[in-house]
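# Examining the three-dimensional arrangement
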Amino acid sequence: MNQTAKTILYAAAAVVLAVLAYVAVPASRPPEVFHDEGQPFYAPFDPLDVASVEVVSYNRDKAEARVFRVEFKNGKWVIPSHENYTADAKEQLGRTAAVLNGIKRGALRSDREADFAVCGLVDPLDEKRLSPEGRGKRVTLKDKQGKILCDLIIGDAVKDRPGFYYVRMPNKNRSYACSVEAGSISTRFADWVETSLLKVTASNLREVTLDNYRVNRDTQAMVPGEVLVLKRDKDDSTKWDLAGLAKNEELDKDKVRAMTDTLASLTLVGVRHKPAGLLQALKSYAQGKKTTRAELAKLADLASIGYSMLLGDKGEIRVVSNQGEIRADSDEGIRYTLRFGEVLYGEPDDVSGADVETKKIGGAKAEDKDKKDEAKGAEHRYLFVSAEFDPALLGPKPEAPAAPKKPEILEKKEAADKAAKEAEAGEKKTDAAAAEKKPEPAAEKPADNAKKDEAKDPAKPEEKTEADKIAEAEKAFKKATEDYEKAKKDFEQKQKDYDKKVADGKKKAEELESRFSEWYYVISADAYAKLNLSRKDLVKEKKEEKKDEAKAEGKAGEDKPAAEAKPAAEAKPADEAKPAPAK
């Protein structure tokens, strides 16, 4: 072998060794790979710039993506995925924006697409993948112009690192372990709407009427049932009364409290928009007018969920429920009427809206394909709500105080003073000589002396003069006038407060009815059970009082020994007759 051949052989061996060394030693990532750790996914934004929030979750059992969207339209937040129902949860909106605003990349987890499923980072809207496994939650925030402020996929929780989740951008393969409050990002309808549907507190409720009538579906006639009227005690706000309780009966305080608390915090599971033109269809039907097919369809829609129409005594239309109703009166002057409809089965997400946006993506799990649906799902109830203002619920209207009447003696005095001034003005001056001339005093008669002595008699009470009576009357009238002015001022303030209550009550009732008139609601079976109560549910037998103490008191006299009879007092001997004294 010549020298040239040896050189070529050594060079080839070196190349092979180099290749083997490269393959055998694990590839280490260069430092620049980690350069973006700690950097935000998107630039921080002003939460007030957020005009839409979209959260897409994935149901593995049904192999469908569920889209929940909230948008700012016409000056208010609405939920397009639920027929533009008003989103009242400002806190939920704020939390969602705060969670995603300026979120930073944590430790790099992977830069391979193959690791998406392991980390739960498969896009829930990815239609290319057939498997339902490993899909995460996608959250997108946009401004008024539709510009993306943040768009991220949040995956599984990082093992052994509380508060950390895998996160990636939809169009990137890199995934990171990030600190994020994923639990604050909700797709539950109930988390985005007002938690108190009626906007009333339990302490505001003053009277609750449970009208447990039913409707005969064949005759469409209302069948009366028991009517229970619960009234809050005027002196003790924690106590409620029910007419007709027997001596051995009492209200179940826990049931009453649960009922009023449920009314105050009635949480919605879902909503359904009432068909347009329903009110007109009701009027036509009630007035015996010919109804169109469209109107009949609307009435059928109402009947299908448990409601019927009746004509009232004054020709008004009354919507009644197949399951009775509750009327709750508040001290704000508002009467709420809740009518319960038919049962609605399904999971909360499924019944939250009539047109919830879903997309079939991927296939169901193999073990679920042949599984029979053994249960219909959770039970819920339709609810029809109305509100009206009644000033009588505000309590008695303030009464103006009566002005004091001037005493008769003062009126006579004023009339006499006026007459005297008029007479004085018309009198002519007498001659100075006549004015100076004084009549000689008349000789005092014995009778006059006797009258003087009688008048000076200290034993006789001194009668009040006319001047004294006038002074007393003036003092009393002055005091009465001062009291009246004070009462008048107090009345004016009370009237002002009352007028404000009336105005506030009317405004609130109009706002509530404006919302209620457009929607049917869906509530949970638990809420329905706490509201739809009978007398049997509310009344319980009083606990028996301890009889031991009563028995002990009853036998106290028997246990004591009878008092020994005291000997009668010995009769004293009659006094001996004494001889009469000698005259």
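Let's shift gears to the pattern of salt bridges. Per the counting criterion, the structure on display carries 31 salt bridges. Note that Arg112 is salt-bridged to Asp115, the shortest N-O span being 3.3 Å. Taking the relative accessible area as the measure of exposure, Asp115 reaches 12% and is therefore buried. For the salt bridge of Glu325 with Arg327, the shortest nitrogen-to-oxygen distance reads 2.7 Å. Given the relative accessible area of 22%, Arg327 is considered partly exposed.

In this model, Ala63 sits at a positive phi of 50 degrees, which is unusual for a non-glycine residue. With respect to the helices and strands, Ala63 occurs in the loop between β1 (52–59) and β2 (64–73). Even without a glycine there, the phi angle at Asp160 is positive, about 65 degrees. Residue position: Asp160 is located in the loop between β7 (148–157) and β8 (164–168). Here Asp160 falls in the exposed class, since its relative accessible area comes to 70%.

In this section: the sheet that holds strand β22 (residues 379–389). Strand order in the open sheet formed by eight strands is β14-β13-β10-β19-β20-β22-β23-β16, with antiparallel pairing between adjacent strands. Each edge of the open sheet carries a strand with a single partner, namely β14 (240–242) and β16 (270–273). Neighbour-to-neighbour, the strand axes of this sheet turn through a mean angle of 25 degrees, independent of strand direction. Relative to strand β23 (residues 519–524), β22 runs antiparallel, the two sharing four bridges. Counted as the bridge partner of Arg381 is Ile523 from β23.

On the surface, a cluster of positive charge is contributed by Lys239, Lys253, Lys540, Lys542 and Lys543. As for its placement among the helices and strands, Lys540 is situated in strand β24 (residues 539–541). Residue Lys540 is classed as partly exposed on the basis of its relative accessible area, which comes to 34%.

It is worth spelling out the nonpolar core at this point. In summary, soluble globular proteins display a tendency toward joint burial of nonpolar side chains. Counting 75 residues, the largest nonpolar core has Leu141, Leu197, Leu338 and Tyr521 as the members making the most contacts within it. Considering every element that reaches this core, the biggest residue donor is helix α12 (residues 466–516), with five residues. In terms of nonpolar packing, the next biggest core, distinct from the first, is built from 13 residues, Met309, Val319, Leu344 and Phe384 among them.

Its location among the elements puts Asp36 in the loop between α1 (3–24) and β1. Exposure remark for Asp36: the relative accessible area of 11% places this residue in the buried category. A polar contact of 3.0 Å, which involves the side chain of Asp36, links it to the side chain of Arg174. Side chain to side chain, Asp36 and Tyr176 meet in a polar contact 2.4 Å long. Among all residues touching Asp36, those that are not within four sequence positions of it are Arg105, Arg174 and Tyr176.

For the structure on display, the rule yields eleven aromatic pairs. Taking 5.8 Å as the distance between ring centres and 55 degrees as the angle between the ring planes, the aromatic pair formed by Tyr85 and Phe189 counts as tilted. With Tyr85 in strand β4 (residues 85–86) and Phe189 in the loop between β9 (175–179) and β10 (205–211), this pair connects stretches of sequence that are 104 residues apart. Across the pair, exposure class does not vary: Tyr85 and Phe189 are buried alike. Aromatic rings pair up to connect Tyr85, Phe189, Phe516, Trp519 and Tyr521 into one cluster. The ring of Phe116 has Arg168 lying over it, and the distance from NZ or CZ to the ring centre is 3.8 Å. In this structure, Arg381 is placed above the aromatic ring of Tyr528, and the distance from its NZ or CZ to the ring centre is 4.3 Å.

Here β2 lies mainly inside the structure; seven of its ten residues are buried. Bridge count between β1 and β2: eight bridges; the pairing is antiparallel. Each residue of the ladder has a partner; that of Ser57, found in β2, is Arg66. A loop of four residues connects β1 with β2, the two strands running antiparallel in sequence, and Ala63 in this loop sits at a positive phi of about 50 degrees. Across three bridges, the pairing between β2 and strand β3 (residues 76–79) is antiparallel. Residue pairing for β3: Glu71 is matched across the bridge by Val78. Hairpin remark: β2 followed by β3, antiparallel, with two residues in the connecting loop; positive phi at Asn74, about 50 degrees.

Thresholds, definitions, all that
- Residue positions are counted from 1 within each chain, in the order its sequence is given.
- Selection of residues for local features in this predicted model requires a pLDDT of at least 70, selection of side-chain atom pairs for listing and counting requires 80 or more, and totals for whole chains, interfaces and linings are taken over all residues.
- The side-chain values count all of the structure's non-hydrogen atoms but skip hydrogen atoms and water molecules.
- Salt-bridge detection follows one rule: a side-chain nitrogen of Lys or Arg within 4 Å of a carboxyl oxygen of Asp or Glu.
- Exposed residues in this analysis have more than 50% of their type's maximum accessible area, buried residues have under 20%, and partly exposed residues fall in between, with area computed by a 1.4 Å probe over protein chains only.
- For the purposes of this entry, the term helix denotes a DSSP run of H or I that reaches at least four residues, the term strand denotes a run of E that reaches at least two, and both are numbered from the N terminus.
- If DSSP finds at least two bridges between two strands, the strands pair.
- The axes are straight lines fitted to the C-alpha atoms, using for helices just the contacting stretch, and the angles between their N-to-C directions are given from 0 to 180°.
- The patches described consist of residues with a relative accessible area above 30% and no salt bridge, like charges being joined within 9 Å and nonpolar side chains (Val, Leu, Ile, Met, Phe, Trp, Tyr) within 5 Å.
- Per-residue accessibility takes into account occlusion by the displayed protein chains alone, with areas from the Shrake-Rupley method and a 1.4 Å probe.
- Neither His nor the chain ends is counted toward charge; the positive residues are Lys and Arg and the negative residues Asp and Glu.
- Every charge is mapped to an atom, namely NZ of Lys, CZ of Arg, CG of Asp or CD of Glu.
- Note on terminology: a nonpolar core comprises buried Ala, Val, Leu, Ile, Met, Phe, Trp, Tyr and Cys residues joined through side-chain atoms within 4.5 Å.
- Between N or O atoms, a polar contact is any pair within 3.5 Å; within protein, one atom must be a potential hydrogen donor and the other a potential acceptor, and residues adjacent in sequence are included only when both atoms are from side chains.
- Note on contacts: a residue pair qualifies if any of its non-hydrogen atoms lie within 4.5 Å across the two residues.
- Planes of paired rings set the category: under 30 degrees apart is stacked, over 60 is edge-to-face and the rest tilted, where pairs are Phe, Tyr or Trp rings (Trp by its six-membered ring) whose centres lie within 6.5 Å.
- Placement of a positive charge over a ring is assigned whenever Lys NZ or Arg CZ falls within 6 Å of the ring centre and within 35 degrees of the normal to the ring plane.

These figures come from the coordinates and say nothing about function on their own.
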